[in-house]
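Spelled out from the first residue to the last, the chains are:
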Amino acid sequence: MKILKKPRLLILLTLTVVAAATVTVVMVIQANRMETLSPREERDRAASGAGVPSGQVDCRKVKCIALTFDGNPGEPTDRLMDLLKEYKAPSTFFLEGRRIHKFPDVVRRIAKEGHEIGDHTWTHAVLTDVSDAQIRDELRRTARAIASITGSEPTLMRPPQGRTDDRVSKVSKELRMAQVLWTVTAKDYETDDTALITERILAGADRDGIILLHPLHKGTVPAMPSILKALSKQGYTFVTVSQLLAPAKAEPGKIYK
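Residues numbered from 1 in each chain as written. Predicted model: local features only at pLDDT ≥ 70, side-chain atom pairs only at ≥ 80, totals over all residues. Heavy atoms only, no water.

Undergrad: I keep staring at unusual backbone geometry and nothing clicks. Help me out?
TA: Backbone geometry follows two general trends: most residues other than glycine have a negative phi, and most peptide bonds adopt the trans configuration. Of note, the bond from Glu75 into Pro76 is cis; its omega dihedral lies within 30 degrees of zero at 15°. In this structure, Pro76 sits in the loop between strand 1 (64–71) and helix 3 (77–86). If you check the backbone angles, Thr121 has positive phi at about 75° while not being a glycine. Within the fold, Thr121 resides in the loop between strand 3 (116–119) and helix 5 (132–150). Take Thr121: its relative accessible area is 0%, and that puts it in the buried class. (Helix = DSSP H or I, 4+ residues; strand = E, 2+ residues; numbered from the N terminus. Buried < 20%, exposed > 50% of the residue type's maximum accessible area, 1.4 Å probe, protein only.)

Here it is in structure tokens:
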């Protein structure tokens, strides 16, 4: 009997690990199956004859793409914004809240130079794994921190890892924020290879696409000149997520990609 105990224990441990992995996979599949709305669909739903704000690009007529950046607003965000300014590329920054007050000048510059600021939670918590109260706290604290510097609370949020569900959608709606996912990512969190990051972005880029990048990873900002130059040559006009949706407006709680 003693000889059998270890194999049984190993079997039980294996079954536990498999069960936990299965739960995680099921949650990701459920999140991916949730209804998402494309920018093009939203523009088509807009009232007939509706126009975009004066001086703003009309993505019904122009080949648009939205660059989005996730993370803390620290170095090298300034260097990134220098490049975005050079290529006339207004973008959307989804900021984590916990270090915002360490870089108020950077946050102000993001807003002043015409970029859009979204909410990326306070601690980068996976929202599907926490309580409703914590979802609310993660988003609300960050929104208030952004507003304390820029004067405006964000109307867009991005759930960390793109993980969302009905509870996250409900709280997002309550806080009057729409959810924004992406159509292409460089997975720059797993490589510092600037050529590979560039290749992945250009391979996935398409009209009305939403690109996800992370400035704080070492290979990302060095890849940006090549990405911006190539997309410009391909005829893309860079816009913020809200500009991509115009004349429609992002609806709180809904998921866009």
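Undergrad: I'm lost on helix 7 (residues 194–204) in this one. Help?
TA: Taken as a whole, helix 7 has its buried residues at Ile197, Thr198 and Ile201. Down the axis of helix 7, the smallest arc covering the buried residues is 95°, so these residues share one side. Within helix 7, the exposed residues directed more than 90 degrees away from the buried face are Ala195, Glu199 and Ala203. Buried residues along helix 7 sit against strand 6 (184–185), strand 7 (209–213) and helix 8 (220–233). The N-cap residue of helix 7 is Asp193: its side-chain oxygen and the backbone nitrogen of Ala195 are 3.0 Å apart. (Arc of directions from axis to C-beta. Contact = heavy atoms within 4.5 Å. Polar contact = N/O pair within 3.5 Å; in protein donor to acceptor, adjacent residues only side chain to side chain.)

Undergrad: It is not clear to me how the environment of Lys102 should be interpreted in this structure. Could you clarify?
TA: Looking at where Lys102 falls in the secondary structure, it is placed in the loop between strand 2 (92–95) and helix 4 (104–112). Looking at Lys102, the relative accessible area reads 61%, which means it is exposed. Between the C-alpha atoms of Lys102 and Gly74, which are 28 residues apart in sequence, the distance is 8.0 Å.

Undergrad: Can you help me understand the nonpolar core in this one?
TA: Inside soluble globular proteins, nonpolar side chains tend to come together where they are buried. In terms of nonpolar packing, the biggest core is built from 34 residues, with Leu67 and Met224 touching the most fellow members. At the level of secondary structure, the elements contributing two or more residues to this core comprise strand 1, helix 3, strand 2, helix 4, helix 5, helix 7, strand 7 and helix 8. Broken down by element, the residue count for this core peaks at 6 residues, all from helix 8. Beyond its immediate stretch of four places on either side in the chain, Leu67 contacts Leu84, Ala89, Ser91, Thr92, Ile211, Met224, Leu228, Phe238 and Val239. (Core = buried A, V, L, I, M, F, W, Y, C linked by side-chain atoms within 4.5 Å.)

Undergrad: It is not clear to me how the pattern of salt bridges should be interpreted in this structure. Could you clarify?
TA: Side-chain pairs of opposite charge can arise whenever the charged atoms involved come near each other. Evaluated as defined, the whole model comprises 17 salt bridges. A salt bridge links Asp208 to Arg43; the shortest N-O distance between them is 3.0 Å. Placement of Asp208 in the loop between helix 7 and strand 7 and of Arg43 in helix 2 (residues 39–45) is noted, with a sequence separation of 165 residues between them. The exposure class assigned to Asp208 is buried, which follows from its relative accessible area of 6%. Salt-bridge contacts for Asp78 lead to Arg109; the nearest nitrogen and oxygen are separated by 3.0 Å. Highlighted residues: Asp78 in helix 3 and Arg109 in helix 4, separated in sequence by 31 residues. Arg109 gets classed as buried once you look at its relative accessible area, which sits at 18%. Here the salt bridges share partners, and the residues they tie into one network are Asp78, Asp82, Arg109 and Glu113. (Salt bridge = Lys/Arg side-chain N within 4 Å of Asp/Glu carboxyl O.)

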